[in-house]
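Residue-level structural notes
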Amino acid sequence: MINSVLDALPTYMMSVFLAPAGVINRIEVLRRTFFWQGNEDKRKYHLAKWEEMNISKKIGGVGIRNMKFQNQSLMMKWLWKFASAENSLWKEVIAEKYGMRDKWMTTKVPLSQRFPDLYDLCQMQQATVAELWNDQGWNLHFRRNLNDWDMCRIAEFLATLAQFSNLSEEEDSLVWNVGSKGYFTVNSAYEDLNTVGIEEVEWPWKMIWKTKIPYKVNCFTWLLAKEAVLTHENLNKRGFHLCSRCFLCEEQGETVNHLFLHCKWTTQLWQMFTNMREIKWVKPGRIKQVLKCWNRDGNAGRKEERWKIVSSYIWWTVWLERNQRCYEGEQSNIQRFKLNCLALYYFWCKQVVLDS
Ligand SMILES: [Zn+2]
């Protein structure tokens, strides 16, 4: 909803103007609030940092677009159009007004700024590389004969040019070296901006996002992998001083990994499924590790959708039961609890079959 509707609204403006930081911040606040509390006025906890949610799904985020980068990548399209447009009036107007000094070879400053003394001496200041280079080498013309003291600078200049060894006679062409396509796309520019400074970690993103389950369960699984679901443990971290106790077994503190993995009630659900496949499964210590190994251990790495979604349904059943006990004071017995999980699972398996 956020990516397809809320982002689409300002897209036109953002592809024409660079939005002020204040406007971007305001839009981000609206989107953030909408994500966590929908249309309700009641304030709800933001369980993960918005910056983390902006990260691509493949490397640990939710893939919600960062407005600033979206704006920048849309604007970059004009640079690409400017560079690739030929014989167009708007390009000529802009080139005339602002000049066109290429940063050829040097990515930071044009050669005219790096060697201003030689640039002043140059007879053909607007010449292109192709006009000054041929098979024999550089064909430079200066306004006057060079003095001894100019020679060092010339040597330095030629050494700079020599670093670039792939000159050929072919017509120049523009290449976008981000991504594999070779030409500019807003998406590739966005992905590039959005991954700067982010460490790539091995993250079980396919088990979180590439499963055919309702989106709210996808998001819930993501929060679990981040260990950010509002259990007593996490409420305590937020300053609520609660006596932490698991709602299911009432024996241990309520941590994410206890409630969803190691609690004796939850263990029964895990066993129910591993017994079906007759596998001996060594349960890992943390949710993220379960996501990494569940499909490999029980499904031999196959793409069988029914198995991939089991873990998410166990967690969802546990969470529903936990909340029923916490907020409504009602509890199912263990048989009912297992039946709830199976019913939910088979209902969604049917959806998977119908969809495919
Ligand atoms: Zn427990």
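Rules behind the numbers
- Residues numbered from 1 in each chain as written.
- Predicted model: local features only at pLDDT ≥ 70, side-chain atom pairs only at ≥ 80, totals over all residues.
- Helix = DSSP H or I, 4+ residues; strand = E, 2+ residues; numbered from the N terminus.
- Rg over C-alpha atoms; globule rule 2.2 N^0.38 Å.
- Contact = placed C-beta atoms within 7 Å.
- Axes fitted to C-alpha atoms, helices over the stretch in contact; angles between N-to-C directions.
- Parallel < 35°, antiparallel > 145°, perpendicular 65-115°, else oblique.
- Nonpolar A, V, L, I, M, F, W, Y, C, P; charged D, E, K, R; others polar.
- Core = buried A, V, L, I, M, F, W, Y, C linked by C-beta atoms within 7 Å.
- Buried ≥ 20, exposed ≤ 12 C-beta atoms within 10 Å, placed from the backbone.
- Left-handed = near helix turned anticlockwise from the far one by under 90°.
- Domains from an automatic or database assignment.
- pLDDT = per-residue confidence, 0-100.

The name given to the chain in an unreviewed UniProt entry is Reverse transcriptase zinc-binding domain-containing protein, with the source organism recorded as Solanum verrucosum.

**A closer look at the overall build of the chain**
For the chain, the count of helices and strands is 20 helices and two strands. Relative to the compact-globule value of 21 Å for 356 residues, the chain shows a C-alpha radius of gyration of 30 Å, a clear excess of over 25%. Projecting the C-alpha coordinates of the chain onto the three principal axes gives extents of approximately 100 × 45 × 40 Å. A sequence separation of at least 24 residues applies to 56% of the contacts in the chain between residues at least 6 apart.

**Description of the packing of helix α13 (residues 215-225) against helix α19 (residues 310-328)**
The geometry of α13 relative to α19 is characterised by a closest axis approach of 10 Å and an angle of 90° between their N-to-C directions. Regarding the angle of α13 to α19, the classification is roughly perpendicular. In this structure, α13 uses Val217, Phe220, Thr221 and Leu224 to contact α19, whose residues at the interface are Ser312, Trp315, Trp316 and Trp319. For the contact of α13 with α19, the per-class residue count stands at six nonpolar, two polar and no charged.

**Points about the nonpolar core**
With 34 residues, the main nonpolar core has Leu224, Leu259, Phe260, Ile287, Leu291, Tyr313 and Ile314 as its most contacted residues. Of all elements in the fold, only α12 (205-209), α13, α15 (256-262), α16 (264-276), α17 (287-299), α19 and α20 (334-355) reach the threshold of two or more residues within this core. For this core, the element with the most residues is α19, which contributes six residues. When near neighbours in sequence (up to four residues on either side) are disregarded, Leu291 contacts Pro204, Met207, Ile208, Ala225 and Ser311.

**Structural notes on the environment of Gln324**
The residue Gln324 is located in helix α19 in this model. Looking at Gln324, the number of C-beta atoms within 10 Å reads 15, which means it is partly exposed. Each C-alpha atom, one on Gln324 and one on Arg238, is 22 Å from the other, the two residues being 86 residues apart in sequence.

**Focus: the packing of helix α5 (residues 67-84) against helix α11 (residues 186-194)**
As a packed pair, α5 and α11 sit with axes 9 Å apart at the nearest point and diverge in direction by 135°. In terms of orientation, α5 and α11 fall into the oblique class. Read as a crossing pair, α5 and α11 show a hand that is right-handed. On α11, the residues that touch Phe69, Gln70, Gln72, Ser73, Leu74, Met76 and Lys77 of α5 are Val186, Ala189, Tyr190, Leu193 and Asn194.

**Observations regarding the domain arrangement of the chain**
The domain boundaries assigned to the chain delineate domain 1 (1-99 + 183-198), domain 2 (100-182) and domain 3 (205-355). In this structure, domain 2 and domain 3 have C-alpha centres spaced 62 Å apart.

**A word on unusual backbone geometry**
A positive phi angle, near 60°, is found at Glu250, a position not held by glycine. For Glu250, the location among the structural elements is in the loop between α14 (232-237) and α15. Even without glycine at this site, Glu278 takes up a positive phi of about 55°. You can see Glu278 is positioned in the loop between α16 and α17.

**Quick notes on α13**
When we look at burial in α13, the residues that qualify are Thr221, Trp222, Leu223, Leu224 and Ala225. Looking at the buried side of α13, the elements it contacts are α12, α15, α17 and α19. Two residues or fewer past α13, Glu227 is found with a positive phi of approximately 55°.

**So, the confidence of the model for the chain**
For the chain, per-residue confidence averages 85 on the pLDDT scale, and 93% of positions sit at 70 or higher. Mean pLDDT values over the elements of the chain span from 64, in helix α1 (residues 2-6), up to 94, in α15.

**Some details on the environment of Asn187**
Inspection of the secondary structure puts Asn187 in helix α11. Sequence spacing of Asn187 and Ala48 is 139 residues, and the spatial spacing of their C-alpha atoms is 25 Å.

**Side note on the environment of Asn234**
For Asn234, the position within the fold is in helix α14. On a C-alpha basis, the gap between Asn234 and Asn295 in space is 28 Å, while along the polypeptide they are 61 residues apart. Ignoring sequence-local partners within four residues, the contact set of Asn234 consists of Ala228 and Val229.

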